[in-house]
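# Residue-level structure breakdown
This is what each chain is made of:
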Amino acid sequence: MLCLKSNMTANLLDGLNPEQLAAVTLPHQSALILAGAGSGKTRVLTTRIAWLIQTGQVSPLGLLAVTFTNKAAKEMLTRLTAMLPINTRGMWVGTFHGLSNRLLRTHYRDAGLPQLFQILDTADQLSAVKRLLKALDVDTEKYEPKKVQYFINGNKEAGLRPEHVEVFDPYTRRLVEFYAAYDAQCNRDGVVDFSELLLRAYELLARNDMLRTHYQERFRYILVDEFQDTNRLQYRWLKMFAGEDSALLAVGDDDQSIYAFRGAHSGNMNEFQRDYAGDNVIKLEQNYRSHGNILDAANALITQNATRLGKNLWTSEGKGEPIRVFEAYNDQEEASFIVEEVKALHRDGTALVDMALLYRSNAQSRVLEHALFSAGVPYRVYGGLRFFERQEIKHALAYLRLLANPDDDGAFSRIVNFPTRGIGARTLEQLSDAAQAANTSLWQAARAQFDPAKAVKGLPGFVALMGAMQDATQGLPLPEAIEHVLHMSGLAAHYQAEKEGADRLENLNELINAATVFSNDPEAMAELDEVGGPLASFLAHAALEAGDHQAGAGSDALQLMTVHAAKGLEFHAVFVGGLEEGLFPHEQSMNEKDGIEEERRLMYVAITRARRRLYLSHAQSRMLHGQVRYGIPSRFLDELPSELLKLVNAKRNSAVPASHDSYAAPKSNARNNTSPWRIGMNVRHAKFGLGVVVNVEGQGEDTRVQINFGAANGMKWLALAYAKLEVA
DNA sequence: TCGTTAACATTTTTT
DNA sequence: ATGTTAACGA
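A quick note: this is a predicted structure, and the numbers were derived from the prediction, not measured.

Quick look at the overall build of chain A now. From N to C terminus, chain A includes 31 helices and 21 strands. Burial analysis of chain A (728 residues in total) assigns 53% to the buried set. Accessible surface computed for chain A: about 33000 Å², of which carbon and sulfur atoms make up 51%.

Trans is the prevailing form of peptide bonds, just as negative phi is the prevailing case for residues other than glycine. The linkage connecting Phe418 with the following residue, Pro419, adopts the cis geometry, with an omega of -5°. Looking at the secondary structure, you find Pro419 in the loop between helix H17 (409–415) and helix H18 (425–438). Look at the link from Phe584 to Pro585: it is a cis peptide, with omega at 10°. Checked against the element boundaries, Pro585 lands in the loop between strand E13 (571–576) and helix H27 (587–590). For Asn439, which is not glycine, the phi dihedral falls at a positive 55°.

Neighbouring DNA strand B are 29 residues; Thr122, Arg360, Gly424, Thr562 and Glu592 lie closest to it. Within the side chain of Arg262, a nitrogen or oxygen atom sits 3.5 Å from a sugar or linking oxygen of DNA strand B. For DNA strand B, a phosphate oxygen lies 2.8 Å from a polar atom in the backbone of Asn362. For the surface near DNA strand B, the class distribution of residues is seven nonpolar, 17 polar and five charged.

Further remarks concern the packing of helix H13 (residues 292–302) against helix H28 (residues 595–607). Packed helices, taken two at a time, are described by their axes: the angle between them and the distance between them. Where H13 contacts H28, the axes come no closer than 9 Å and their chain directions differ by 175°. By the criterion of interaxial angle, the relationship of H13 to H28 is roughly antiparallel. Contacts between H13 and H28 pair Ile294, Ala298, Leu301 and Ile302 from the former with Arg600, Arg601, Met603, Tyr604 and Ile607 from the latter. Looking at the contact of H13 with H28 residue by residue, the classes come out as seven nonpolar, no polar and two charged.

Most of strand E9 (residues 323–330) sits out of view: seven of its eight residues are buried. Relative to strand E16 (residues 645–647), E9 runs parallel, the two being bridged by three bridges. Across the sheet, Val325 pairs through a bridge with Leu647, a residue of E16. Relative to strand E14 (residues 610–624), E9 is paired through six bridges, and the arrangement is parallel. Each residue of the ladder has a partner; that of Arg324, found in E14, is Tyr615.

To continue, consider empty space enclosed by the protein. The full count for this structure, using the stated rule, is three cavities of 30 Å³ or more. If you add up the space inside the largest cavity, you get close to 90 Å³. Forming the walls of the largest cavity are 14 residues, and the residues nearest its centre are Glu334, Gln364, Leu368, Gly577 and Arg622. Of all the secondary-structure elements, those providing two or more residues to the lining of the largest cavity are helix H14 (331–347), strand E10 (355–359) and helix H15 (365–375). Across the lining of the largest cavity, the residue classes break down as eight nonpolar, three polar and three charged. Empty space within the second largest cavity amounts to approximately 40 Å³. Looking at the second largest cavity, the residues that line it are Leu26, Gln29, Arg48, Leu52, Tyr221, Ile222, Leu223, Ala247 and Leu249.

In this section: H18. With 14 residues, H18 should reach 20 Å at 1.5 Å per residue; the first-to-last C-alpha distance of 20 Å fits that figure. Note on H18: the residue one or two positions beyond its end, Asn439, has a positive phi of about 55°.

So, about a negative patch on the surface. Judged by side-chain charge, Glu498, Glu500, Asp503, Glu506 and Glu510 come together as a negatively charged surface patch. Note on placement: Glu506 falls in helix H23 (residues 502–519). In this structure Glu506 comes out as exposed when scored by relative accessible area, which is 55%.

Moving on: the pattern of salt bridges. Tallied over the entire structure, the rule returns 44 salt bridges. The partner of Asp193 in a salt bridge is Lys156, and the shortest N-O contact between them spans 2.9 Å. In this pair, Asp193 sits in strand E5 (residues 191–193) while Lys156 sits in helix H7 (residues 145–157), placing the two residues 37 residues apart along the sequence. By the burial criterion, Asp193 is buried, and Lys156 matches it. For Asp296, the salt bridge is made with Lys319, and the minimal N-O distance between the two is 2.6 Å.

In this section: the packing of aromatic side chains. All told, the structure shown has 24 aromatic pairs when counted by the stated rule. A centroid spacing of 5.2 Å and a plane angle of 70° characterise the contact between Phe96 and Trp237, whose relative ring orientation is edge-to-face. One end of the pair, Phe96, is in helix H5 (residues 96–106); the other, Trp237, is in helix H11 (residues 232–241), and 141 residues separate them in sequence. Accessibility expressed as a relative area gives 1% for Phe96, which makes it buried. Considering the side-chain rings of Phe575 and Tyr615, the 4.2 Å spacing of their centres and the 5° angle between planes classify their relative orientation as stacked.

As a further point, take the nonpolar core. If you look at the biggest cluster of nonpolar residues, it comprises 60 residues, and the most contacted ones within it are Trp237 and Phe241. Per-element tally for this core: the top contributor is helix H9 (residues 194–207), with seven residues. Taken domain by domain, the makeup of this core includes at least three residues from each of domain 1 (2–106 + 201–286) and domain 2 (118–189). For Trp237, the residues in contact, after removing those within four places along its chain, are Val66, Phe96, Leu99, Ser100, Leu198, Ala201 and Tyr202. Formed by 44 residues, the second largest nonpolar core is a distinct cluster that contains Leu402, Leu491, Ala515 and Phe518.

Moving on to the domain arrangement of chain A. Partitioning chain A into domains gives domain 1 (2–106 + 201–286), domain 2 (118–189), domain 3 (297–386 + 550–663), domain 4 (388–543) and domain 5 (682–727). The junction of domain 1 with domain 2 conceals about 570 Å² of combined surface from both sides, 40% of it contributed by carbon and sulfur atoms. On the domain 1 side of the contact with domain 2, Glu203, Leu233 and Arg236 bury the most area, a combined 52% of that side's loss. The interface formed by domain 1 and domain 2 contains one salt bridge. Between Glu203 and Arg161 there is a salt bridge; the shortest N-O distance is 2.8 Å. Remark: the boundary between domain 1 and domain 2 carries three residue pairs in polar contact (both at pLDDT 80 or more).

Viewed as axis vectors pointing N to C, H9 and helix H10 (residues 209–218) meet at an angle of 100°, and their least axial separation amounts to 5 Å. In terms of orientation, H9 lies roughly perpendicular with respect to H10. On the side of H9, the interface is formed by Leu204, Leu205, Ala206 and Arg207, while H10 contributes Asp209, Leu211, Arg212 and Tyr215. Counted by class, the contact of H9 with H10 contains five nonpolar, no polar and three charged residues.

Taken in spatial order, the six strands of this open sheet run E3-E2-E6-E7-E1-E8, and their pairing is parallel. Looking at which strands have only one partner, the edges of the open sheet turn out to be strand E3 (92–95) and strand E8 (281–284). Geometrically, the sheet is characterised by an average inter-axis angle of 15° between neighbouring strands, direction not taken into account. Of the pairings in the sheet, the one linking strand E1 (residues 31–35) to E8 comprises four bridges and is parallel in character.

So, how was this worked out
Residues numbered from 1 in each chain as written. Chains lettered and ligands numbered in written order. Predicted model: local features only at pLDDT ≥ 70, side-chain atom pairs only at ≥ 80, totals over all residues. Heavy atoms only, no water. Helix = DSSP H or I, 4+ residues; strand = E, 2+ residues; numbered from the N terminus. Buried < 20%, exposed > 50% of the residue type's maximum accessible area, 1.4 Å probe, protein only. Areas by Shrake-Rupley, 256 points an atom, 1.4 Å probe, with all protein chains shown as cover. Near = heavy atom within 4 Å. Polar contact = N/O pair within 3.5 Å; in protein donor to acceptor, adjacent residues only side chain to side chain. Nonpolar A, V, L, I, M, F, W, Y, C, P; charged D, E, K, R; others polar. Axes fitted to C-alpha atoms, helices over the stretch in contact; angles between N-to-C directions. Parallel < 35°, antiparallel > 145°, perpendicular 65-115°, else oblique. Contact = heavy atoms within 4.5 Å. Pairing = 2+ DSSP bridges. 1 Å grid on protein atoms, 1.4 Å probe; cavity = no way out; pocket = protein on both sides within 12 Å on 5 of 7 lines; lining within 4 Å. Points joined across faces, edges and corners; volume = space filled by probe spheres on them. Expected span 1.5 Å × (residues − 1). Patch = residues over 30% accessible without salt bridge, like charges linked within 9 Å, V, L, I, M, F, W, Y side chains within 5 Å. Salt bridge = Lys/Arg side-chain N within 4 Å of Asp/Glu carboxyl O. Lys, Arg positive; Asp, Glu negative; His and termini not counted. Charge placed at Lys NZ, Arg CZ, Asp CG, Glu CD. Phe/Tyr/Trp six-rings, centres within 6.5 Å; stacked < 30°, edge-to-face > 60°. Core = buried A, V, L, I, M, F, W, Y, C linked by side-chain atoms within 4.5 Å. Domains from an automatic or database assignment. Buried area = accessible area lost by both parts, 1.4 Å probe.

Structure (structure tokens):
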């Protein structure tokens, strides 16, 4: 028996390198794992959990494992069940938000929430803010709803309630008032937004000694994935669960911190060392993913960043192929080059799913998609609207939310006149006033005015409808209840009648399907069904897990996504396009503090996605916002050691392609210009350095040229008579 | 109340 | 270029 057990343990630990082994078998103490890209981070995390359970150091219920995304949480559970014959039911493995939701559902009374509290996603929250500002009669020019939302979330993520926010000016004072009013509105509606989920959970434990002690004694081991992406509130949240006897393991890579723009605070890693880990730091630097040249390039790039904990990836693999660099005239040429290379690689046996086109911003996908479509290459774009974010789905869910909680004013406003039933702005304004006067929800106000005699159309009709819906769906299984709602509400008929409604109708059917799948998945039900019943569970599921982007998984298709979306993934061949100053690094980031460093980390992530082959490309000009823009090559290209690179645009002869003139020829100003300076030309200036001619004005002595010198020196008009320009 | 048009902005994104 | 939202007229 003992023999069998040690054998199994050995199997579990087989094939780990010394650092990985050390991390997996750490004693009961806190530690920080600096895990480089492709160093087997997830494997270490899951193997450690399995090892801890298998060796009897902790029961499955005694550990807390937190991830950032649902995908990562699911992956962890899947791998865990493959390693150990255990029941993962009841285990606290999940996202910050998912676990907060579970905590709040369980202790909803202590948290001061209604049992069936609903979760607002980002869009719901924005409309809640808009509704609030309207009710307060606020000038939305001066206080943009988006800004107000940003302010509220920013403070929540710093752990600050309205009364704690420091106010130095009248503008901020007003914002704080909105924040307080927003919180009041949410409480009245019985809804909770994403950051509130975390803050409430944190406050619940901070306030309630008994609960805190309970959880702290329960969780002897706490593991956190992607620690560099945590924000300040999330770190404080973690601390609440960590008791005297808890060992915390944080896994992260400061070089892959690319979410500072949404509040991630990689300084948490330093603080974690100070608070818990001390010198107990393990670096995983052996990379199992990429060939040497790719890693060398990544290392060379990232060393240009001043603020890092320090880490150097290495591989036992060979150098491999050089990194291919392509310089295109314009974005279309760039796209067709990429398509040709993809086709060639595919012919040689690389599956399309094993190749990715990465870009800095979503707008860049269009040209690529067009070229791929014309060439008949199957592709799949990640990003964009997700299932539960589609308007028809949100409408349907709003009906369900209102059934679960009639006081949810957000849900009420969304559907009271959708499909249209003759309830206009005027009626709603009166209703809103009545509700405000009586200090009740819109639904209560509507019901107070309810007159059964008029219950045919308008507001009374709506009240009658909801009542009928409530009766009809009572006690029905979830999918059938949803089907009733879709028909009784008129949503189904509405989209049936609409010309372009077929897709939406299909999505609504898919919603019934999703409910069926959800109801049959005991794991999912158990996860969320702590309190509240299947409807509440399903709605929480819809809010917390927006659903995979689109069907089409499984088939062999080229992968298109932003660099952000590619984090955590790997591909045989990777193409990174649009490597131009202003695009990558993005110009908006150049003004931000530490913006360039974050962009560089982003580039680091992009490079380290590639296993065997990496293409980097840039274009001299590209269409942006319906205008031709000229850009100079990204500084990141210069930061890569040239011996690792190979220029591959030699195929083209020196003659300018016919299409080039139409782009280069200036539309205005320089019609009759005879000077040698042409738009799109690369030039060098003694002081400003490398630039691109963007515009030419005047003739002879008076010629002036406008030059884009990139981020450092910006746009300049120069008089040719004085400026010393040379062709670069 | 609803449909049309004009103005507008447009990095990255999970929960 | 393009998609979304706010204002305006029928």
